[in-house]
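# Structural features, examined
Single-letter residue listing:
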Amino acid sequence: MSPQLIYPLIGAGLFSLGLYGLIVHSHLLRKILAINIMGSGVFLILVALAKRSGEMPDPVPHAMVITGIVVAVSATALALAMMLKLHTETGRTDLPDDQQT
Amino acid sequence: MEISLLSTIFDVLLGLSLLGLAWSALATTDLFKAVLLFIAFGLLMALVWVRLNAPDVALAEAAIGAGITGALMLSALARLNSPHTGRAIASHTTDPEKDPSIQWWPFISLVLVFIGLAYSVFTFSPAFMGLQPDVYSQLVNSGVENPVTAVLLNFRGYDTLLEMLVLFVALLGVWSLGENPAVKTPFISPVLDTLSRLLTPVFILVAAYILWVGAHAPGGAFQAGSILGAAGILLLLSGWQLRKDTSSLFFRVLLLAGPLAFVALAAITLLIQGQLLEYPPAQAGLLILILETFATLSIGVTLAALFLGGFPWSKNRALK
């Protein structure tokens, strides 16, 4: 098994795991964490597929993933700020729809 | 043969520990523990990027994915628990799930998602060149020798221009949610104080080195910018504050320097070369270095401002 095969599988696993976490957990911080894990899974698949061209991997997916990491951190910061705002306004850390679960 | 077997074993173990860390970060009831596990997850991801011959991504992941995201989450968690902000204090450190057992419907559908993804990954052709030959054949015209920097700042400069704007818009979004919560720094130990004073110049030096070396080796504006941002976060954590009489203009200019430099260069190249962000090959190296310098400053200041959270120049505070 080459790394080109192992890591996309791990990436698919991380994506599914993150999506599962996003669905079942109601605490917003944990949802944000789950989205970050999903993102890592996507990045992993992209970079592992870039390695298919051999010892000198395709640099375009690498650049896309670096861009993605920076976008992910800014989205995380915004999401965390929104969570804190919700918490100061209502004292809650979950969204109303999650009440029944 | 033996080495390839060993590295396969290493890859499998590394991958399984990634999955294990992700699972326990999502499953543990203690949120603090979850964030720490997530930081460890980010560090292991950086190791994976090295295994996949992506050192540029590894640098970005170690600085941003593990470092700054972790710091952001820890500070958000601390604010959730701080008595100033919330009414219900006790219930937020832990997140007791009412039913700790696996919820079967989501679980089964996500297993199906995994099988579908795994199948599609397997059906990709094992050897595929992608855009790699194009990038390497045009590398001489890009002005830099590091292919990733060439893609980020030259071939796909438009993406990076938009990305700078995304960072800026995210900061505007955070600022629009309200003022920066007045955190009383309780006690700063002299060790932390001295350490941060000693470390800050080192951070700046490392950031400048990473920026410069990005032209021909792993590194570049994003990695350098996130190291600057980390220096800013360290300073903020050790009780450093903007002086009350500091004009906000300086910081606003720094925040906008990267996006503005990009937009200005895009406009100039559009007028002269006829193409957005198409640099003349002779000047490309210099133009990229200038762009990267401004971008690094902006990324660093933006990340530190995102960590601070909230609009820092409130009218009320100015009156005090």
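Residues numbered from 1 in each chain as written. Chains lettered and ligands numbered in written order. Predicted model: local features only at pLDDT ≥ 70, side-chain atom pairs only at ≥ 80, totals over all residues.

## Here we look at the domain arrangement of chain B
Each assigned domain of chain B is listed with its residue range as follows: domain 1 (1-125) and domain 2 (144-320). The residue inventory of the side of domain 1 of chain B that touches domain 2 of chain B, partitioned by class, reads eight nonpolar, three polar and two charged. (Domains from an automatic or database assignment. Nonpolar A, V, L, I, M, F, W, Y, C, P; charged D, E, K, R; others polar.)

## Examining the interface of chain A and chain B
If you look at the interface, chain A gives 68 residues, while chain B gives 76 residues. Mapped onto the side of chain A that touches chain B, the elements with two or more residues apiece are α1 (3-24), α2 (28-50) and α3 (59-90) of chain A. The biggest single contributor to the side of chain A that touches chain B is α3(A), with 24 residues. For the side of chain A that touches chain B, the class distribution of residues is 44 nonpolar, 18 polar and six charged. (Contact = placed C-beta atoms within 7 Å. Helix = DSSP H or I, 4+ residues; strand = E, 2+ residues; numbered from the N terminus.)

## Describing the packing of helix α2 (residues 31-51) of chain B against helix α3 (residues 55-81) of chain B
Residues and elements named next belong to chain B. Where α2 contacts α3, the two axes come as close as 7 Å, and the packing angle between them is 175 degrees. Here α3 runs roughly antiparallel to α2, going by the angle between their axes. Seen from α2, the contacting residues are L31, F32, V35, F38, I39, G42, L43, M45, A46, W49 and V50; seen from α3, they are P55, V57, A58, E61, A62, G65, A66, T69, G70, M73, L74 and L77. A per-class count over the contact of α2 with α3 returns 18 nonpolar, four polar and one charged. (Axes fitted to C-alpha atoms, helices over the stretch in contact; angles between N-to-C directions. Parallel < 35°, antiparallel > 145°, perpendicular 65-115°, else oblique.)

## What about the environment of G143(B)?
All names here are of chain B. Following the sequence through the fold, G143 ends up in the loop between α5 (132-138) and α6 (147-155). For the pair formed by G143 and L286, sequence separation is 143 residues and the distance between their alpha carbons is 7.7 Å. Discounting residues that sit within four places of it in the chain, G143 has contacts with N154, Y279, P281, A284, G285 and I288.

## A short note on α6(B)
With nine of nine residues buried, α6(B) is to be regarded as a mostly interior element. Taken residue by residue, α6(B) has P147(B), V148(B), T149(B), A150(B), V151(B), L152(B), L153(B), N154(B) and F155(B) as its buried positions. Packing partners of the buried residues in α6(B) comprise α3 of chain A together with α3, α5, α7 (157-176) and α11 (284-308) of chain B. (Buried ≥ 20, exposed ≤ 12 C-beta atoms within 10 Å, placed from the backbone.)

## A few points about the nonpolar core
Counting residues in hydrophobic clusters, the biggest one holds 118 residues, and the most contacted among them are V47(A) and L80(A). Per-element tally for this core: the top contributor is α2(A), with 15 residues. Two domains each provide a minimum of three residues to this core, namely domain 1 (1-125) and domain 2 (144-320) of chain B. The residues touching L80(A), leaving out its near neighbours within four places in the chain, are I32(A), L72(B), M73(B) and A76(B). (Core = buried A, V, L, I, M, F, W, Y, C linked by C-beta atoms within 7 Å.)

## Observations regarding the environment of N53(B)
Following the sequence through the fold, N53(B) ends up in the loop between α2 and α3. Of the residues examined, N53(B) has 17 C-beta atoms within 10 Å and is grouped as partly exposed. Sequence separation between N53(B) and A284(B) is 231 residues, and the spatial gap between their C-alpha atoms is 26 Å. Among residues more than four places away in sequence, those in contact with N53(B) are K51(A), E55(A) and P57(A).

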